[in-house]
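The residues making up each chain are set out below.
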Amino acid sequence: MNDYELLRAQRTKRLCALLAARKLPALLICHPRRGGLENWLLAEGHIPALPPFGSLNMLLVTDEGKVFPLCAAVNHPCDFPHFPLFHAEDWQDVLRSSAIGIANPDQLQLSVWEDMRRVNPSLQLIDLSEDVYMTAAQKTPEEVSAMRSGAALYDRIYAALPRILRPGISEMQLAAELRHLLEVSGAAVPFLSEDPSLTTFVDLYSVPERDPVLPSVTHYPGRRIAQGDLVSLQFMGYTPDGHTSLLGRTVALGAVSPETQARWEILTEFQKNAAELLRPGATLAEISRVLAAPSPDGAAIASLSVNWLHGMGCSVNEAPRLADASADAALSENMVVAIAPRLPLP
């Protein structure tokens, strides 16, 4: 059994334990790409290529530990070899029970539900979405180590910025040089990777520090960066082992104003306080409430992005999330949470 077969077995076993606790024979995961559930459960060592109309795909997990990729509809060009069509008659043993579990029930196709009800008119669906997401959020030490390796790779790229970031360079040219560094350092980059589904995205824009308006779409080759600009950079995506990492930096060309420096110090302290509150048993909702007070200079920390706390793993944004019901779920050991507060510049 190789590493990924072992991962699949471990993760499937955890879902089987969930089914056993709820006394259910099976779990139907609709739109398994949502929240990275497909990547997490299939554990193929790479991010599976996105099939057309992937939101119609499903995964059926039985209490015996078997996982069946399925397709929800006939009239679309689905990835048939990997996602064969769902026919309720093929699953009578499972559907004859009084209930099965479901994740992402809002993505269940009406045709699938009607097909299941023809086999068992009294079938009930028990929503296990939050239980499934929180099960996936509990990482192994090996997974945490892999994600740290990805973040360390991104950090090494940022260390090279002084050599390539200079006044006069265009945003597109800077992004191209960063992608090249990512590729030669081992990250998978769009258009440069042999597998286009393994991607690391370079999110980049620059603004004059004294006029920090949100950037509009700038056509190729992008805005030319000038002395005194603030350059916002973010690497997010997949490392070669299929895990995700996310790391952002804001870089100034030249000295920054006292107002910008003050806000940087506010956010640094805010992030530090949030990290100290992240502990087993706490919830993201509790942490957000504790940190909801105004900053020392009166700036509205409460105006942060609604999802400034969120989990990471097989997706760069997964449960637990401040933006949904998983914000009230208790954190546990080896969960990975991104802390991404924002404040408007003066």
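Scroll up a little and you will see the structure.
Residues numbered from 1 in each chain as written. Predicted model: local features only at pLDDT ≥ 70, side-chain atom pairs only at ≥ 80, totals over all residues. Heavy atoms only, no water.

Could you give an account of the environment of Gln-138, with specific residues and numbers?
Looking at the element boundaries, Gln-138 is found in the loop between α5 (129–137) and α6 (141–159). Measuring from C-alpha to C-alpha, the distance between Gln-138 and Leu-331 comes to 8.8 Å, with 193 residues separating the pair along the chain. Leaving out residues up to four positions away in the same chain, Gln-138 has contacts with Arg-14, Glu-143, Ser-332, Asn-334 and Met-335. (Helix = DSSP H or I, 4+ residues; strand = E, 2+ residues; numbered from the N terminus. Contact = heavy atoms within 4.5 Å.)

So what's going on with the packing of α6 against helix α8 (residues 171–185)? Which residues, and what values?
Where α6 contacts α8, the axes come no closer than 10 Å and their chain directions differ by 135°. In terms of axis orientation, α6 runs oblique to α8. In the crossing of α6 with α8, the sense of the turn from one axis to the other is right-handed. Here α6 contributes Leu-153, Tyr-154 and Ile-157 to the contact with α8, which in turn contributes Leu-178, Leu-181, Leu-182 and Ser-185. Each residue belonging to the contact of α6 with α8 can be placed in one class, and the counts come to 6 nonpolar, 1 polar and no charged. (Axes fitted to C-alpha atoms, helices over the stretch in contact; angles between N-to-C directions. Parallel < 35°, antiparallel > 145°, perpendicular 65-115°, else oblique. Left-handed = near helix turned anticlockwise from the far one by under 90°. Nonpolar A, V, L, I, M, F, W, Y, C, P; charged D, E, K, R; others polar.)

Before we move on, can you summarise the packing of aromatic side chains with the specific residues and values?
Per the counting criterion, the structure on display carries 4 aromatic pairs. Measuring from ring centre to ring centre gives 5.1 Å for Phe-270 and Trp-308, while their planes differ by 55°; the resulting arrangement is tilted. Highlighted residues: Phe-270 in helix α9 (residues 258–277) and Trp-308 in the loop between α10 (284–290) and β9 (309–311), separated in sequence by 38 residues. Here Phe-270 and Trp-308 have matching classes, each one buried. (Phe/Tyr/Trp six-rings, centres within 6.5 Å; stacked < 30°, edge-to-face > 60°. Buried < 20%, exposed > 50% of the residue type's maximum accessible area, 1.4 Å probe, protein only.)

So, empty space enclosed by the protein: which residues are in play, and what are the values?
Under the criterion given, the structure shown has 2 cavities of 30 Å³ or more. Put simply, the second largest cavity is a space of about 40 Å³. Looking at the second largest cavity, the residues that line it are Gly-35, Gly-36, Leu-37, Trp-40, Tyr-133, Ala-136, Cys-314, Glu-318 and Ala-319. Of all the secondary-structure elements, those providing two or more residues to the lining of the second largest cavity are α2 (37–42), α5 and β10 (318–321). (1 Å grid on protein atoms, 1.4 Å probe; cavity = no way out; pocket = protein on both sides within 12 Å on 5 of 7 lines; lining within 4 Å. Points joined across faces, edges and corners; volume = space filled by probe spheres on them.)

Any chance you could break down the nonpolar core for me, citing the residues and the numbers?
Counting residues in hydrophobic clusters, the biggest one holds 37 residues, and the most contacted among them are Leu-15, Leu-27, Ile-29, Val-132, Trp-308 and Leu-309. A total of 5 residues in this core trace back to one element, the largest contributor, which is α5. Residues contacting Val-132, with those up to four places away along its chain left out, are Leu-15, Leu-18, Leu-27, Leu-37 and Ala-103. Within the second largest apolar cluster, 22 residues are counted, among which are Tyr-154, Leu-178, Val-231 and Leu-247. (Core = buried A, V, L, I, M, F, W, Y, C linked by side-chain atoms within 4.5 Å.)

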